[in-house]
Amino acid sequence: MSKESLINYWQKSKLITDKKIITAFKKILRENFLPEDLKKQSYDDYPLPIGYNQTVSQPTTIMIMLQALELKKTDKVLEVGTGSGYNAALISNILKQGKLYTTEIIPELAESAKLTLEKLKIKNVEVIKTDGSKGHKEKSPYDKIIVTAACPKIPNILIKQLKIDGILIAPIGPLYNQQMLKIIKRPNKLEIKNLGNFIFVPLQGEHGY
Ligand code: SAM
C-alpha cells in the first residue's frame, strides 16, 4: 500500500475525519522509525517488528487512537510504550506548544527512539526509560494518556494521573483480544466508550500481566 491509498481509505470510509491527524501522518515518515529491511513496507497496513519482540502498530490503529485522544495544541500527554518513537513523533506534530512524556520499559528501545527523535529535531517529546505501567507521577496530571500495550484491566493508577475531563485511550482485556477503550475522567465517574477489538503486545511491569 502507499501513503496516499491509506489516506484515501481513511477519508472515504470516514474512519479518520480529523485533519490534523492526517497532516501529521503526511509529515512524519514511518520509514524513519523502521529497520532498514522493513522500510519498503512502511505504508502496509499492519504492525511491523522493531526488535525485542515488540512492534510498531498498524497505521490505521494508530490513527484511530490518536483521533480518539482529541489532542489539542497545548495538551500535556503521557504515552506508555514508546517503542520506535513513531507514535510519539505523530503526537508531537499535533501538539505544537504542548508536551509529550513517553515511557518505555525496554532500555534499548528507549535509547534508539530517543536518538531517532533527536535526529528529526523533535523537541517537545521526553523519552523516559521506566516502567510506564505506573505512569509518570512527576509530571502529572495529564490532559491525555495513551497506552500502546495491552492492559489486563482498567489502569486506575493512570486514571489517577489524568486531569478531570482528561482522556485515556488503551487496549484493555485478556492477552490476544482487547477492547480499545476511550475513558473520560468526569468528576464523579468514568465515561467509557468501546472503539472495537484489537490485539496488542502485552503491558509489562508492575501493573502488566
Ligand atoms: N508506540 C510504539 C511505536 O510507535 O512504535 C509502539 C508500541 S509497541 C506496540 C508497545 C511498547 O510498549 C513496546 O515497545 C513495549 O516495550 C512497551 N511496553 C510494554 N510494557 C511497558 C511498560 N510497563 N512501560 C513502558 N513501556 C512498556
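So, here's what we can say about the structure.

Cut-offs used in this document
- Residues numbered from 1 in each chain as written.
- Predicted model: local features only at pLDDT ≥ 70, side-chain atom pairs only at ≥ 80, totals over all residues.
- Heavy atoms only, no water.
- Buried < 20%, exposed > 50% of the residue type's maximum accessible area, 1.4 Å probe, protein only.
- Helix = DSSP H or I, 4+ residues; strand = E, 2+ residues; numbered from the N terminus.
- Right-handed = clockwise from strand over helix to strand, strands pointing away.
- Pairing = 2+ DSSP bridges.
- 1 Å grid on protein atoms, 1.4 Å probe; cavity = no way out; pocket = protein on both sides within 12 Å on 5 of 7 lines; lining within 4 Å.
- Points joined across faces, edges and corners; volume = space filled by probe spheres on them.
- Nonpolar A, V, L, I, M, F, W, Y, C, P; charged D, E, K, R; others polar.

**Section: the pairing of strand β3 (residues 76–80)**
Working step 1: Among the five residues in β3, four count as buried, and that is most of the element.
Working step 2: Handedness of the crossover joining β3 and strand β4 (residues 99–104) through helix α4 (residues 86–95): right-handed.
Working step 3: In this sheet, strand β6 (residues 142–147) lies alongside β3 in parallel orientation, the contact comprising four bridges. Among the inter-strand pairings, Glu79 is bridged to a residue of β6, identified as Ile146.

**Description of the layout of surface pockets**
Working step 1: Taken as a whole, the largest pocket encloses approximately 550 Å³ of empty space.
Working step 2: Lining the largest pocket are 37 residues; nearest its centre among them are Thr55, Thr148, Ala149, Phe200 and Val201.
Working step 3: Of all the secondary-structure elements, those providing two or more residues to the lining of the largest pocket are β2 (54–56), α3 (59–68), β3, α4 and β4.
Working step 4: Along the lines of polarity and charge, the residues of the lining of the largest pocket split into 17 nonpolar, 17 polar and three charged.
Working step 5: Estimates place the volume of the second largest pocket at around 200 Å³.
Working step 6: Around the second largest pocket, the lining comprises 13 residues; the ones closest to its centre are Asn32, Phe33, Leu34, Ser112 and Thr116.
Working step 7: Among the elements that line the lining of the second largest pocket, the one with the most residues is helix α5 (residues 107–119), at five residues.

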